[in-house]
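Residue-level structural notes
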Amino acid sequence: DAGVIQSPRHEVTEMGQEVTLRCKPISGHNSLFWYRQTMMRGLELLIYFNNNVPIDDSGMPEDRFSAKMPNASFSTLKIQPSEPRDSAVYFCASSLYAGETQYFGPGTRLLVL
Amino acid sequence: RKEVEQDPGPFNVPEGATVAFNCTYSNSASQSFFWYRQDCRKEPKLLMSVYSSGNEDGRFTAQLNRASQYISLLIRDSKLSDSATYLCAVNVLNYGQNFVFGPGTRLSVLP
């Protein structure tokens, strides 16, 4: 079975540009999570969805960040405008239900110049 | 106080050694607990869930101490391939449910 799929795997962009990260969760999983990982702050939960509905977005750093889940098999995390401090690895994870084991995608390495 | 804390290490141990990591959590309502392993430049992968009665998987043993609010991971007969960062994750009950990950403990097993 395919795991969590993320694209792109790497993204280099200039400050001010819009960045869109994509995620396809494991089929049948009802919960989807977006994380950001940096050396300084570790793995931080940005937002999570249950049955395509955003449940907790308290981790979203600011209004420049937005996430959507239009259907059970696709989610996006958008940063507009991007800033150098957004440089990090962004992981998407899914689980059968919230609170169950989470399975991570390979991540998107974002570098904002 | 952070919700989940770990000693960042690094723990440098020789092959064959036994090494133990602890992870403390602050929310007494936490319901489920996990250990994840993360290799350099890779995603975290589930190593094992932590059950109230403790559980073992080969050379790995996980334990939960609710009274003192910590979980532990013991690795016996460590191998070079065990070198990685070990993250604990705690399911914190709030109006939804989500995981809080610790900062991770880095382990280097040396030949």
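What this report covers is the structure whose coordinates are included nearby.

Basis of the calculations
Residues numbered from 1 in each chain as written. Chains lettered and ligands numbered in written order. Predicted model: local features only at pLDDT ≥ 70, side-chain atom pairs only at ≥ 80, totals over all residues. Heavy atoms only, no water. Core = buried A, V, L, I, M, F, W, Y, C linked by side-chain atoms within 4.5 Å. Buried < 20%, exposed > 50% of the residue type's maximum accessible area, 1.4 Å probe, protein only. Helix = DSSP H or I, 4+ residues; strand = E, 2+ residues; numbered from the N terminus. Phe/Tyr/Trp six-rings, centres within 6.5 Å; stacked < 30°, edge-to-face > 60°. Pairing = 2+ DSSP bridges. Axes fitted to C-alpha atoms, helices over the stretch in contact; angles between N-to-C directions.

Ranked by size, the top nonpolar core spans 25 residues in total, and within it Phe21(B), Trp35(B), Ile71(B), Leu73(B), Ile75(B), Tyr86(B) and Leu107(B) carry the most contacts. Among the secondary structure elements, those contributing two or more residues to this core are β3 (19-25), β4 (32-38), β5 (44-50), β7 (60-65), β8 (70-75), β9 (84-93) and β11 (105-110) of chain B. With 5 residues, the top contributor of residues to this core is β9(B). In terms of nonpolar packing, the next biggest core, distinct from the first, is built from 21 residues, Val4(A), Trp34(A), Phe49(A) and Tyr90(A) among them.

Let us look at the packing of aromatic side chains. All names here are of chain A. Summed over all chains, the structure comprises 11 aromatic pairs over all chains. Relative to Phe104, the ring of Phe91 has its centre 6.0 Å away and its plane inclined at 85°; by these criteria the two rings are edge-to-face. A residue pair is termed long-range when its members are at least 10 positions apart, and Phe91 in strand β9 (residues 88-95) and Phe104 in strand β10 (residues 103-104) qualify at 13 residues. The class for Phe104 is buried, based on a relative accessible area of 8%.

Here the focus is the sheet that holds strand β8 (residues 74-79) of chain A. All names here are of chain A. The sheet built from 4 strands is open, its strands ordered β1-β3-β8-β7 with antiparallel pairing. Of all the strands in the sheet, just β1 (5-7) and β7 (65-71) have a single pairing partner and so form its edges. Going from strand to strand, the sheet's axes swing by 15° on average, the running direction of each strand aside. With 5 bridges joining them, strand β3 (residues 19-24) and β8 adopt antiparallel strand pairing. Bridge pairing links Arg22 to Thr76 in β8.

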